[in-house]
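Coordinate analysis (summary)
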Amino acid sequence: GTGPELAWYAANHNGASAKLTADVSLGGYGVQIKNLEGTFDGDGHYITDLNGPSLFYYPKANSVIRNLGVSGETTGAGGIVHHWGYGGNVKITIENCVSRVDVTGGGHMLAPGGIIGGADAGSDAYAPRIINCYNAGTVIGKDTDKTAGVVGVYDGVGNVYIKNCYKISNASNYVISSGYRGTNSNNYTLLGAAPNAGGSAVQADVLKTYADTLGDAYMDNPTSYNDGYPILTWEEPRALAVAKEEF
């Protein structure tokens, strides 16, 4: 895929699913995919050089975003997804994704998060799921108690499930999630990086050994790629390329 092709899809998808066939550079511009209804599969590719709003805006019920990396900068609320929910039945899944996006955002429902800037479920049956994701970008918000490394403020009567995630940025106030409700399982941050909400804080050299602890989606990474922290298995060719350059 190319930047223009991704921009065309964003403007014309009409609910259709998509799969990337290559890394896509946005060249320092912004593209936003609104109201995704199907599956957006990165297939182990990155969308790079984002500079604008968050890549996804209000995915619809049962949509899935997976196997995707995003890098760049955004003034939107989330490194990958701006927000979803507002009390509706919008169960969606973000899995096996990486954010290397530097995020800045406002307060409360626009509170920034490294993966998503807010999650709101109408009931537990429709709880959004963020699984096997990590954030290596910075996250800065006006209200530090509503800023988070993975999920910003979440609201509503339902829940948000965050599992097997970690963040290594020390810019956000909360490790994994801020807000009112959430089920957090097996999530990690660096010791001393931020108040420990929604995860366990460990030393950097310990977190670098946690691939097995994080689960089958991750692998050990003895290279300087991602500063030696665990990577998702689809990132292995990238780590090997870095190791080859360093050899």
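Now for a look at the structure at hand. None of these values were measured; they are calculated from a predicted model. (Residues numbered from 1 in each chain as written. Predicted model: local features only at pLDDT ≥ 70, side-chain atom pairs only at ≥ 80, totals over all residues. Heavy atoms only, no water.)

**Here we look at helix α1 (residues 3-12)**
Quick reminder: α-helices carry 3.6 residues per turn. Residues three or four places apart thus point the same way. Those residues of α1 that fall on the buried side of the exposure criterion are Gly3, Leu6, Tyr9 and Ala10. Buried residues along α1 cover an arc of 120 degrees about the axis, so they all sit on one side. In α1, the exposed residues that point more than 90 degrees away from the buried face are Pro4, Trp8 and Ala11. Contact partners of the buried residues in α1: β1 (18-19), β2 (24-25), β3 (33-34) and β4 (39-52). Remark: asparagine 14 follows α1 within two positions and exhibits a positive phi of approximately 50 degrees. (Buried < 20%, exposed > 50% of the residue type's maximum accessible area, 1.4 Å probe, protein only. Helix = DSSP H or I, 4+ residues; strand = E, 2+ residues; numbered from the N terminus. Arc of directions from axis to C-beta. Contact = heavy atoms within 4.5 Å.)

**Focus on the side chain of serine 71**
The residue serine 71 is located in strand β6 (residues 64-74) in this model. Those residues in contact with serine 71 that sit more than four places away from it in its chain are Tyr46, Ile47, Thr48, Asp49, Leu50, Arg100 and Val101.

**Observations concerning the environment of leucine 55**
Along the chain, leucine 55 turns up in the loop between β4 and β5 (56-57). The spacing of leucine 55 and glycine 76 is 21 residues in sequence and 8.7 Å in space, taken between C-alpha atoms. Once residues lying within four places of it in the same chain are set aside, the contact partners of leucine 55 are Val31, Gln32, Ile33, Ile47, Leu50, Leu68, Val70 and Ile80.

**Some remarks on the nonpolar core**
Counting residues in hydrophobic clusters, the biggest one holds 36 residues, and the most contacted among them are Phe40, Ile47, Phe56, Leu68 and Ile130. Put simply, the parts of the chain that give this core at least two residues each are α1, β4, β6 and β8 (98-105). In contact with phenylalanine 40, not counting residues within four places along its chain, are Leu6, Tyr9, Ala18, Leu20, Ile33, Ile47, Phe56, Val64, Ile65, Arg66 and Leu68. In this structure, Tyr46, Val202, Leu214 and Tyr229 belong to the second largest nonpolar core, which totals 21 residues. (Core = buried A, V, L, I, M, F, W, Y, C linked by side-chain atoms within 4.5 Å.)

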